[in-house]
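Each chain, letter by letter, is given below.
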Amino acid sequence: MTQDAVVTKVLKNGMAEVVVSRGTACGSNCGNCESCAFQNELKAFAKNTISAKQGEKVVIETVSSRIFSAAFLLYIVPIIMLFIGYALAAHYSLTEGLSILVSFGFFAVAVALVVIYQRISKKKNPIKFEIIQLR
């Protein structure tokens, strides 16, 4: 997976700090709605294999499978757990209200576990970026 970035700082250890602009759901025209709740720029560290300099526009690359597995964990696993929670509650003949409550409980526990796992994983084995070309 590749993304456009700008080098903000060159570090001595062969790394560079880069800023990646995050796209928005409204087509990046925030002047129209001004409702973006999230930061539009993300900072990351990338291996500076081409000796890019501060201020240069570059293309960074990362392994796509890491991004897709993180997205799967964050978006799909909690929904699967929601359905499993409901199915288990229905199997034990709980009332409709209790079944819904149990399913949302499973969902909340899954979200909490995924967040904890992602934080630990980020510290132990962060996603690595590499600058591959100038833009």
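In what follows, the structure referred to is the one given above.
The model shown is predicted, which means the values in this text are computed figures rather than measured ones.

Participant: Explain the pairing of strand β5 (residues 129-134) to me, please; I cannot follow it from the model alone.
Facilitator: Each regular strand carries side chains that alternate between the two faces of the sheet. As paired elements, strand β3 (residues 41-48) and β5 share three bridges and run parallel to each other. Bridged to Lys47 within β5 is Glu130. Taken together, the four bridges between strand β4 (residues 57-61) and β5 define a ladder with antiparallel strand orientation. Bridging from a neighbouring strand, Glu61 pairs with Glu130 of β5.

Participant: Would you take a moment to explain a nonpolar patch on the surface for this structure?
Facilitator: Judged by side-chain polarity, Phe72, Leu74, Tyr75, Ile76, Ile80, Ile84, Leu88, Tyr92, Leu94, Leu98 and Leu101 come together as a nonpolar surface patch covering roughly 1,100 Å² of accessible area. Listed by contribution, the elements that provide at least two residues to the nonpolar patch are α2 (64-91) and α3 (96-124). Judged by relative accessible area, which is 57%, Tyr75 ranks as exposed.

Participant: Just to check I follow, could you spell out α2 for this structure?
Facilitator: For an α-helix the count is 3.6 residues per turn, leaving residues at separations of three or four pointing the same way. Here α2 contains 28 residues, and its C-alpha end-to-end distance of 39 Å stays within 8% of the 40 Å for a straight helix at 1.5 Å per residue. If you check which residues of α2 are buried, you get Pro78, Leu82, Gly85 and Ala89. Its buried side turned inward, α2 meets α3. Phi turns positive, to about 55 degrees, at Ser93, one or two residues after α2.

Participant: Please explain α3 as it appears in this structure.
Facilitator: Taking 1.5 Å per residue, 29 residues should reach 42 Å; α3 reaches 42 Å between its end C-alpha atoms and fits that length. Listed in full, the buried residues belonging to α3 are Ser99, Ser103, Ala110, Val114 and Ser121. Taken together, the buried residues of α3 touch α2.

Participant: Help me understand the nonpolar core, please; the structure alone is not making it clear to me.
Facilitator: A general trend in soluble globular proteins is that nonpolar side chains are found buried together. Ala5, Val7, Ala16, Val18, Val20, Ala44, Ala46, Ala52, Val58, Ile60, Phe129 and Ile131 form the largest nonpolar core, which has twelve residues in total. Residue contributions to this core peak at three residues, all from strand β2 (residues 15-21). Those residues in contact with Val18 that lie beyond four places of it in its chain are Ala5, Val6, Val7, Thr8, Leu42, Lys43, Ala44, Ala46, Ile60 and Ile131.

Participant: Explanation requested: the sheet that holds strand β1 (residues 2-10) in the structure shown.
Facilitator: Hydrogen bonding along the main chain pairs the strands of a sheet, whether they run parallel or antiparallel. Taken together, five strands build a closed barrel; the order of strands is β1-β2-β3-β5-β4 and the barrel is mixed. Across the sheet, the axes of successive neighbouring strands diverge by a mean angle of 55 degrees, strand direction being ignored. Strand direction decides the pairing type here: β2 and β3, joined by seven bridges, are antiparallel. Counterpart to Val18 in the pairing with β3 is Ala44.

The rules behind the values
Residues numbered from 1 in each chain as written. Predicted model: local features only at pLDDT ≥ 70, side-chain atom pairs only at ≥ 80, totals over all residues. Heavy atoms only, no water. Pairing = 2+ DSSP bridges. Helix = DSSP H or I, 4+ residues; strand = E, 2+ residues; numbered from the N terminus. Patch = residues over 30% accessible without salt bridge, like charges linked within 9 Å, V, L, I, M, F, W, Y side chains within 5 Å. Areas by Shrake-Rupley, 256 points an atom, 1.4 Å probe, with all protein chains shown as cover. Salt bridge = Lys/Arg side-chain N within 4 Å of Asp/Glu carboxyl O. Buried < 20%, exposed > 50% of the residue type's maximum accessible area, 1.4 Å probe, protein only. Expected span 1.5 Å × (residues − 1). Contact = heavy atoms within 4.5 Å. Core = buried A, V, L, I, M, F, W, Y, C linked by side-chain atoms within 4.5 Å. Axes fitted to C-alpha atoms, helices over the stretch in contact; angles between N-to-C directions.

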